[in-house]
Amino acid sequence: MYSTPGKNYLNEASGLWSWLTTKDHKRIGVMYMISVMIFFAIGGAFAMLIRTELFSSGKDIVDAAVYNQFMTFHGAIMVFMVIIPGIPAIFGNFFLPLQLGAKDVAFPRVNLMSWYCLIIGAAISFVSLIYNGADTGWTFYTPYSIGTDNGTLWLVLGAFVMGFSSILTGLNFVVTVHKLRAPGMTFFRMPLFVWSLYATAIIQIIATPVLGITLLLLAAERILGIGVFDPKLGGDPVLFQHFFWFYSHPAVYIMILPAMGVISELITTYSRKVIFGYKAIAFSSLGIAAVSFFVWGHHMFVSGQSSLAGIIFSFLTMLVGVPTAIKTFNWVATLYKGSVKFDSPMLYALGFIFLFTIGGVTGIILAVTALDVHFHDTYFVVAHFHYVMVGGTLMALMGAFFYWLPKMFGKLYYEAGARLSFVFIFLGFNVTFFPQFVLGAMGMPRRYYSYLPEYQLLNRVSTLGAYTIGIGFLIALAVILHSIFKGKPAGKNPWGAKTLEWEADEIPIHENFAVQPVVTGGPYEYR
Amino acid sequence: MSDSHHPVTSFETYRNVILALIFLTVVTVAIAKPVSGFDLGVLNGALAMFVATLKAYLVAAYFMGLRFEDKINKSILIMGVVFLALLFTVCMFDIMTRVPVTSTL
Amino acid sequence: MSTDNTAVGERHHAHHFNNAEHEFNTSMFGVWCFLLTEILMFGGLFVGYFIFHNLYPDMFAEGASHLDWRYGATNTLVLLMSSFTMVLSIYYARKNNTKMISWCLFITLLCAIAFMGIKYIEYSHKIHEGLLPGELFSYAHAEAANLGLYFSFYFMMTGLHGSHVLVGMGLITWILIRARRGEFNEHYYTPVEGVGLFWHLVDLIWIYLFPLLYLVG
């Protein structure tokens, strides 16, 4: 089954229509890449506006009501449109079949449908802007979300539709991993990125439908006033939080697990060394997926949940530290005596380990009920989850971009520029969010457009840091665009990596491999 | 090529299953308190759920062919039930152990 | 549906599968995963139902007394029959009896329409009497103060189920048209099997809804 020389997935058909109707997982991955980048730019702009408003105490650019909308849209866009689809839908779509030696995902048509779900869901979300926006935060807590008079309903419905996107992607990945592995590709020969995507996909399938029904109930609550979450009518608002976090806590692992998979790939490639504790990392992914379903109550320590439930959740939450620490120690052990090369993807990977560890350890602090009562709804929490979500997932996303860009477009990028983007993002990130730990400990509450004058200095530092991150992402964008349009040819395997995707052509062909690969060994046989 | 498909179940089996399902529907109606006044107190709900589960088993095992499926397809169904049980248990546990100030209804 | 990877009238398999059987197994695995998401979505409602049923048993009993078990029982039998004819259509596909496939699917469709008809009658009674969810509840002789909550669950659960019946009717129509074209036989009946699994799940959910809403109360 040899294909015409010079043909690849990018040029085998042309025109916008051929992209919008494609069933090729690689093209769908690229479409996700473009859309997520646009959403990220919008969400990032909201972040800049938030930090600008917080530059000094009192009103800077907008009043409290508009600030609440900035905060809501920043959160909802970043969660539902950037971090959840980010790594799985861009790089998972593109590389999961390649890494397994498959020709495509199991259900290509469903795969395309999941992209449309994301776009339609996003469009519905933005309709809320016409109806005075939304100001509930991305969590839509009742009873406020029932009563507030604006376009919250549209944001809720948008999130509902985007949930289908996530479910369909997860479903495709689970089936692909089970049914479409190349001959010889046993479960324990799969790259760790695939393992992490597999664990993620299981969470997506199990947890997301519960979010679906929760949002549906919330929508019915707003339209019909059904009262399930409304104490006036005999309902229970805390039940909403249970239902919501039954999805949304595992969703946190939908966000971080694929990032961990990326880090496993980067660390081993740039250490030129077989990964330390392959099975431990693989099983810890499944372990995290399992534990993630038993800890949601730690979001509700001060929401009227019973204290006994709180104590149990507090204990269970600390268990998450075990599989994550297993991963971290294995990554560090892989570095030991490796021939470490500090290319930009590796810099992002090392940045991930540093920042994620801080995020994880502060997470353990927040899991302690006694401390959480003090830190709850302060900037300590904001800093904690940004260290995990930005310092973790976005660092990995950037690393993945630079690592896989040569395979996606067959072009090398400007290495010094990529490193510069890392320096800006990494330093800017710490300048932005480290002061927020201090602010939180001092008692500054989150979600307000103003603060007491004594918090001003640290807030100014934080805002300047945010601008630095913004510059870093702009540099990264310039490097990526320059690479795609003006980059030098990359060759088949510029990093000397061992996983299967690097054996495909410089730019993979539509069928991925000209000859069906047969796997005879593990994924990381360096030495 | 239909080797690994399920073996074809006979028409008689399907007929017996549907007859059993109809019979169980009659039973569940007959033992319901609003219909016949048959009352076991707190066990009413459990009994109705038991009959429903019998029916669900027949549908899943015979109509959906689950008795011939791989372990993995069976475990999918079980996984759904397990996670729902988890959600219910924790929510109920929380509500039962809360300080009772929520509602006077 | 995820099952339609084969072009109309042909029995070849999509390029990323080894053979038609591989494609069949993969499709069915996909359908089962999809059913899992359906179970969990409905499950959220069931969990809510059980929680509030435990909190307000008398209110739920009062609510159930406003439902007529005869409608519910008839609908149960109608759906069971439709499941039976659905499974027979696959049976006949595997016997290469093209004509009977179409007949069975047609009866399934009729049952679905009957189900929705009976649902319509029930709904209009409830709406007429003001037995409506939550805030809309306007029935004058309610004993429990929050009886509207029972009808919130009644309408959410049967409504979501009914919307699945409607989707199922669309899918059955689609495979009925394809069956009329003679596309299904012992070598290729993947869409019938997939839609069948979906339809049985709809039946399965009703098997639980019926006693919970009409009988236990």
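Residues numbered from 1 in each chain as written. Chains lettered and ligands numbered in written order. Predicted model: local features only at pLDDT ≥ 70, side-chain atom pairs only at ≥ 80, totals over all residues. Heavy atoms only, no water.

**Points about the interface of chain B and chain C**
And step 1. Taken together, the contact pairs 49 residues of chain B with 52 residues of chain C.
And step 2. Taking both partners together, chain B and chain C bury about 4500 Å²; carbon and sulfur atoms supply 80% of that area.
And step 3. Remark: the boundary between chain B and chain C carries zero salt bridges.
And step 4. The tally of links from chain B across to chain C stands at one residue pair in polar contact (both at pLDDT 80 or more).
And step 5. If one sorts the elements of the side of chain B that touches chain C by residue count, helix 4 (residues 71–97) of chain B sits on top with 13 residues.
And step 6. Across the side of chain B that touches chain C, the residue classes tally to 33 nonpolar, 13 polar and three charged. (Contact = heavy atoms within 4.5 Å. Buried area = accessible area lost by both parts, 1.4 Å probe. Salt bridge = Lys/Arg side-chain N within 4 Å of Asp/Glu carboxyl O. Polar contact = N/O pair within 3.5 Å; in protein donor to acceptor, adjacent residues only side chain to side chain. Helix = DSSP H or I, 4+ residues; strand = E, 2+ residues; numbered from the N terminus. Nonpolar A, V, L, I, M, F, W, Y, C, P; charged D, E, K, R; others polar.)

**Description of the confidence of the model for chain B**
Interpretation of this model should avoid reading the predicted coordinates in detail wherever pLDDT is low.
And step 1. The predicted model of chain B has a mean per-residue pLDDT of 84, with 89% of residues at 70 or higher.
And step 2. Averaged pLDDT values for the elements of chain B fall to 75 in helix 2 (residues 33–36) of chain B and rise to 94 in helix 1 (residues 11–30) of chain B. (pLDDT = per-residue confidence, 0-100.)

**Re the interface of chain A and chain B**
And step 1. Across the contact, 23 residues belong to chain A and 14 residues belong to chain B.
And step 2. Of the roughly 1500 Å² buried at the junction of chain A and chain B (both faces included), carbon and sulfur atoms supply 79%.
And step 3. Along the contact surface separating chain A from chain B lie one salt bridge.
And step 4. Its salt-bridge partner being Arg98(B), residue Asp236(A) comes within 3.2 Å of it at the nearest N-O pair.
And step 5. Summed over the shared surface of chain A and chain B, the result is five residue pairs in polar contact (both at pLDDT 80 or more).
And step 6. Those elements giving two or more residues to the side of chain A that touches chain B turn out to be helix 6 (152–179), helix 7 (192–223), helix 8 (237–271) and helix 10 (307–319) of chain A.
And step 7. No other element matches helix 8 of chain A, which puts five residues into the side of chain A that touches chain B.
And step 8. Split by residue class, the side of chain A that touches chain B holds 15 nonpolar, six polar and two charged.

**Side note on the packing of aromatic side chains**
And step 1. Counted under the stated rule, the structure contains 73 aromatic pairs over all chains.
And step 2. Measuring from centroid to centroid gives 6.0 Å for Tyr348(A) and Phe402(A), while their planes differ by 20 degrees, and the two rings are stacked. Of this pair, Tyr348(A) sits in helix 12 (residues 344–367) while Phe402(A) sits in helix 14 (residues 379–409); the two residues are 54 residues apart in sequence, bridging distant segments of the chain.
And step 3. By relative accessible area, Tyr348(A) is classed as buried at 0%.
And step 4. Take Phe402(A): its relative accessible area is 0%, and that puts it in the buried class.
And step 5. Note on Phe210(C) and Tyr214(C): the rings are 5.7 Å apart at their centroids and 45 degrees apart in plane angle, and the pair reads as tilted. Residue Phe210(C) and its partner Tyr214(C) are located together in helix 6 (residues 190–216), separated by four residues, close to a single helical turn.
And step 6. In this structure Phe210(C) comes out as buried when scored by relative accessible area, which is 0%.
And step 7. According to the relative accessible area criterion, Tyr214(C) is buried, its value standing at 1%.
And step 8. Sitting above the plane of the Phe29(C) ring, Lys179(A) keeps its charged end 5.4 Å from the centroid.
And step 9. Lying over the aromatic face of Phe188(A), Lys279(A) brings its terminal NZ or CZ to 4.4 Å of the ring centre. (Phe/Tyr/Trp six-rings, centres within 6.5 Å; stacked < 30°, edge-to-face > 60°. Buried < 20%, exposed > 50% of the residue type's maximum accessible area, 1.4 Å probe, protein only. Lys NZ or Arg CZ within 6 Å of the ring centre and 35° of its normal.)

**So, empty space enclosed by the protein**
One simple way to see leftover space: roll a probe sized like a water molecule over the atoms.
And step 1. Within the structure shown, the criterion is met by four cavities of 30 Å³ or more.
And step 2. Counted as a void, the largest cavity has a volume near 170 Å³.
And step 3. If you go around the largest cavity, you meet 17 residues; those closest to its centre are His6(B), Thr9(B), Tyr14(B), Ile90(C) and Arg94(C).
And step 4. Elements with a contribution of two residues or more to the lining of the largest cavity: helix 3 (43–63) of chain B together with helix 3 (69–94) of chain C.
And step 5. Take the lining of the largest cavity: its biggest share by element is four residues, from helix 3 of chain C.
And step 6. A breakdown of the residues in the lining of the largest cavity according to their chemical character gives eleven nonpolar, three polar and three charged.
And step 7. Taken as a whole, the second largest cavity holds about 110 Å³ of empty space.
And step 8. Lining the second largest cavity are 15 residues; nearest its centre among them are Ile84(A), Pro85(A), Met162(A), Ser165(A) and Ser166(A).
And step 9. Mapped by element, the contributors of at least two residues to the lining of the second largest cavity are helix 3 (64–100) and helix 6 of chain A.
And step 10. Counting residues per element, the lining of the second largest cavity draws most heavily on helix 6 of chain A, at six residues.
And step 11. Split into classes, the residues belonging to the lining of the second largest cavity amount to ten nonpolar, five polar and no charged. (1 Å grid on protein atoms, 1.4 Å probe; cavity = no way out; pocket = protein on both sides within 12 Å on 5 of 7 lines; lining within 4 Å. Points joined across faces, edges and corners; volume = space filled by probe spheres on them.)

**Focus: the packing of helix 11 (residues 321–335) of chain A against helix 12 of chain A**
Residues and elements named next belong to chain A.
And step 1. Interaxial distance between helix 11 and helix 12 falls to 11 Å at its minimum, and their mutual angle equals 150 degrees. Judged on the interaxial angle alone, helix 12 and helix 11 are roughly antiparallel. Crossing hand, helix 11 versus helix 12: left-handed. Where helix 11 abuts helix 12, its residues Gly-321, Thr-324, Thr-328, Trp-331 and Leu-335 lie against Met-346, Leu-350, Phe-352, Ile-353, Phe-356, Thr-357 and Ile-364.
And step 2. Among the residues forming the contact of helix 11 with helix 12, the class breakdown is eight nonpolar, four polar and no charged. (Axes fitted to C-alpha atoms, helices over the stretch in contact; angles between N-to-C directions. Parallel < 35°, antiparallel > 145°, perpendicular 65-115°, else oblique. Left-handed = near helix turned anticlockwise from the far one by under 90°.)

**Section: the side chain of His74(A)**
Residue and element names in this part refer to chain A.
And step 1. On the secondary structure map, His-74 appears in helix 3.
And step 2. In this structure His-74 comes out as buried when scored by relative accessible area, which is 16%.
And step 3. In this structure the side chain of His-74 is engaged in a polar contact, spanning 3.1 Å, whose partner is the backbone oxygen of Gly-43.
And step 4. Beyond its immediate chain neighbours, meaning those up to four positions away, His-74 contacts Gly-43, Phe-46, Ala-47, Ile-50 and His-386.

**A closer look at the pattern of salt bridges**
Residue and element names in this part refer to chain A.
And step 1. Summed over all chains, the structure comprises 13 salt bridges over all chains.
And step 2. With a closest N to O distance of 3.5 Å, Lys-341 and Asp-343 form a salt bridge.
And step 3. When its relative accessible area of 10% is taken as the criterion, Asp-343 is described as buried.
And step 4. Each of the salt bridges in this network shares a partner with another, and the network as a whole consists of Lys-341, Asp-343, Glu-415 and Arg-419.

**A short note on the state of the cysteines**
And step 1. Within this structure, the stated rule accounts for zero disulfides over all chains.
And step 2. We note that Cys117(A) lacks a disulfide partner, and the nearest cysteine sulfur, in Cys33(C), lies 17 Å from it. (Disulfide = S-S within 2.5 Å.)

**A word on helix 3 of chain A**
Residues and elements named next belong to chain A.
And step 1. An ideal rise of 1.5 Å per residue puts 54 Å on 37 residues; helix 3 measures up with 50 Å between its terminal C-alpha atoms.
And step 2. Of all bends in helix 3, the biggest is about 60 degrees, found at Pro-85.
And step 3. Counted residue by residue, helix 3 has 32 buried out of 37 residues, so it is predominantly covered.
And step 4. Of the residues one or two after helix 3, Gly-101 is the one with positive phi, at around 75 degrees. (Expected span 1.5 Å × (residues − 1). Bend = angle between axes of the 7 residues up to and from the residue.)

**Digging into the side chain of Thr152(A)**
And step 1. Residue placement: Thr152(A) occurs in helix 6.
And step 2. When sequence neighbours within four positions are dropped, the list of residues in contact with Thr152(A) reads Gly133(A), Ala134(A), Asp135(A), Thr136(A), Phe140(A), Ser145(A) and Arg222(A).

**Describing the confidence of the model for chain C**
All names here are of chain C.
And step 1. For chain C, mean pLDDT is 90; residues scoring 70 or higher make up 94% of the total.
And step 2. Low pLDDT (under 50) marks residues 1–10, which in the prediction has 35 contacts with non-local residues, meaning those over four places away or in another chain.
And step 3. Reported confidences for the modelled complex are a pTM of 0.94 and an ipTM of 0.92.

**Structural notes on helix 9 (residues 278–291) of chain A**
Residue and element names in this part refer to chain A.
And step 1. Here helix 9 is 14 residues long and its end C-alpha atoms lie 20 Å apart, about the 20 Å a rise of 1.5 Å per residue gives.
And step 2. Burial in helix 9 covers these residues: Tyr-278, Ile-281, Ala-282, Ser-284, Ser-285, Ile-288, Ala-289 and Val-291.
And step 3. Here the buried face of helix 9 lies against helix 7, helix 8, helix 10 and helix 11.

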